[in-house]
Amino acid sequence: MDLRIFTEPQQGATYDTLLTVAKATEDLGFDAFFRSDHYLRMGAADGLPGPTDAWITLAGLARETRRIRLGTLMTAGTFRLPGVLAIQVAQVDQMSGGRVELGLGAGWFEEEHKAYGIPFPKEKFARLEEQLAIVTGLWATEVGETFDHHGTYYDLTDSPALPKPTQAKIPVLIGGHGATRTPRLAAQYADEFNIPFASVEDSERQFGRVRAAAERAGRKADDLVYSNALVACVGKDDQEVARRAAAIGRDVDELKANGLAGSPDEVVDKIGRYAEIGARRVYLQILDLDDLDHLELISAQVQSQLS
């Protein structure tokens, strides 16, 4: 079971804070550092000092880290033209020496689009399907050849399809709860399917849909990695769990029901339940980015048991 650190910088974080967390992620033996792609805070957080851009952040971290994988859960398809996104991700992959992964979703948070003047189209999912075809098609085009795409929303003619990423294939993550279109899209384009903030039962149901869709598409179901994203709140005792829950404005019982909360042994046991239904990777949503002791505890007493 891989454990990855997943951050939500729109809630309030500077690049320096993210760099500190990413370096701790690497030093403590976690597999990867991922971040959300949002420009506006959610809920009661003040969001200060303001948003950071996901791919600019990852470009900086690519030069400041050496081992960990770097990526997004999920880049919003509404934020970037697919040709530009393919260039950005390929460049960051080069800058990292081949450690980038692209999580790509349709985009959903209308308020942040209004706040920063970003168009918010109605037909987001159909656009996402074209975006995936374009981004992966550009990367797969041989050097010296050109790429064309003439779709409903995007038109590319005689693209040199450059630059190329360092990796022969950048892993693509697709995720969500949709029962029909999401599994179909994952079966066609994804190397990993991620379901965010879902119970064991709901995860098992959705993994089953994706596995079936993969087989219908002529792929082996186990060609995909199946993963979960879950909020983490771990403490060496009840008092520490309660303190960490209060720091992120959450209730302990709610966190235990819907996330990975409690003692290290409790969290290991719950991760084991996800492993039993096919999850091979867990993204630990860390909401208090100043609490590096939290990461140290998870590394020493949760990750050590899983490895």
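A. Region of the structure containing the packing of aromatic side chains. Enumeration over the complete set of coordinates arrives at 6 aromatic pairs. Plain terms: the ring middles of Phe193 and Phe207 are 6.4 Å apart, the flat faces sit at 85 degrees to each other, and that makes the pair edge-to-face. In this pair, Phe193 sits in strand 9 (residues 192–196) while Phe207 sits in helix 7 (residues 200–216), placing the two residues 14 residues apart along the sequence. Residue class for Phe193 comes out buried when judged on its relative accessible area of 0%. Here Phe207 falls in the buried class, since its relative accessible area comes to 2%. Cluster of aromatic residues (ring-pair linked, three or more members): Tyr39, Phe79 and Tyr116. The positively charged end of Arg181 is found above the aromatic ring belonging to Phe125, 4.2 Å away from the centroid.

B. Geometry of the side chain of His38. By the secondary structure assignment, His38 is in the loop between strand 2 (32–35) and helix 2 (54–64). Looking at His38, its side chain comes within polar contact range of the side chain of Glu112, at 2.9 Å.

C. Region of the structure containing the pattern of salt bridges. Under the criterion given, the structure shown has 21 salt bridges. A salt bridge links Arg244 to Asp291; the nearest nitrogen and oxygen atoms lie 2.5 Å apart. Here Arg244 is found in helix 8 (residues 238–247), whereas its partner Asp291 is found in the loop between strand 12 (281–286) and helix 11 (292–306), with 47 residues between them in sequence. Taking relative accessible area as the criterion, Arg244 reaches 6% and is therefore assigned buried. Given the relative accessible area of 11%, Asp291 is considered buried.

D. Quick peek at the environment of Thr72. Relative to the assigned elements, Thr72 resides in strand 3 (residues 69–72). We classify Thr72 as buried; its relative accessible area is 0%. Placed 26 residues apart in sequence, Thr72 and Gly98 show a C-alpha to C-alpha distance of 15 Å. In this structure Thr72 touches Phe34, Arg35, Ala54, Trp55, Leu58, Glu101, Leu102 and Gly103, once residues within four positions along its chain are discounted.

What counts, and at which threshold
Residues numbered from 1 in each chain as written. Predicted model: local features only at pLDDT ≥ 70, side-chain atom pairs only at ≥ 80, totals over all residues. Heavy atoms only, no water. Phe/Tyr/Trp six-rings, centres within 6.5 Å; stacked < 30°, edge-to-face > 60°. Helix = DSSP H or I, 4+ residues; strand = E, 2+ residues; numbered from the N terminus. Buried < 20%, exposed > 50% of the residue type's maximum accessible area, 1.4 Å probe, protein only. Lys NZ or Arg CZ within 6 Å of the ring centre and 35° of its normal. Polar contact = N/O pair within 3.5 Å; in protein donor to acceptor, adjacent residues only side chain to side chain. Salt bridge = Lys/Arg side-chain N within 4 Å of Asp/Glu carboxyl O. Contact = heavy atoms within 4.5 Å.

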